[in-house]
Amino acid sequence: MSNRHKVYGKGNIEGAFTMLRHEVLNSAAWKHMSPGARLLYIALLRRLNYKADNNGKIFLATRKAAEELGVSQRIVCIWFRELEHYGFVTMTEPGSIGPKGRATRWRITDMAWGELDGKPIRATKDYLTWTGELFDRHP
């Protein structure tokens, strides 16, 4: 038996993983986006649950993202705006601050499952229709 059959014999990959589609990686928007915004996108994808259909309800607080990525909260806020500018995510519900504050809810535009407001979510893939306008970090 070859080594390949020993490793891949069952056809299963051990452990959890996050998949990035080639269509996303090959897009012009992805190539122009900062590496930090790419890492934030991957962090958002990790929270996507296929069984719970939570696309459109994905949340990641800036404080938690800053801890996870090892950067400041200020730069995480910029990366969220950058992801939205290039069309990889769309805000579905704004966050709030205070004692009962909530993190902003996001929808991954590449994924087409789940429901939002009783309607099925479509994969709009807004990053493919990006206009070519570069993101301005200092508006």
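Let me sum up the structure you'll find in this document. (Residues numbered from 1 in each chain as written. Predicted model: local features only at pLDDT ≥ 70, side-chain atom pairs only at ≥ 80, totals over all residues. Heavy atoms only, no water.)

1. Here's the deal with the layout of surface pockets
Then, number 1: Of the voids in this model, the largest pocket is the one considered here, and its volume is about 230 Å³.
Then, number 2: Together, Gly15, Ala16, Phe17, Thr18, Met19, Leu45, Arg46, Leu48 and Tyr50 line the largest pocket.
Then, number 3: When grouped by side-chain class, the residues that make up the lining of the largest pocket number 6 nonpolar, 2 polar and 1 charged.
Then, number 4: By volume, the second largest pocket amounts to about 190 Å³.
Then, number 5: Of the residues that constitute the lining of the second largest pocket, the class distribution is 3 nonpolar, 5 polar and 2 charged. (1 Å grid on protein atoms, 1.4 Å probe; cavity = no way out; pocket = protein on both sides within 12 Å on 5 of 7 lines; lining within 4 Å. Points joined across faces, edges and corners; volume = space filled by probe spheres on them. Nonpolar A, V, L, I, M, F, W, Y, C, P; charged D, E, K, R; others polar.)

2. Some points on the pattern of salt bridges
Then, number 1: All chains considered together, the criterion is met by 7 salt bridges.
Then, number 2: In this structure, glutamate 93 and arginine 102 form a salt bridge, with 3.4 Å as the shortest nitrogen-oxygen distance.
Then, number 3: Residue glutamate 93 is classed as partly exposed on the basis of its relative accessible area, which comes to 35%.
Then, number 4: Residue arginine 102 is classed as partly exposed on the basis of its relative accessible area, which comes to 40%.
Then, number 5: One salt-bridge network, held together by shared partners, links Arg21, Glu23, Asp110 and Lys125. (Salt bridge = Lys/Arg side-chain N within 4 Å of Asp/Glu carboxyl O. Buried < 20%, exposed > 50% of the residue type's maximum accessible area, 1.4 Å probe, protein only.)

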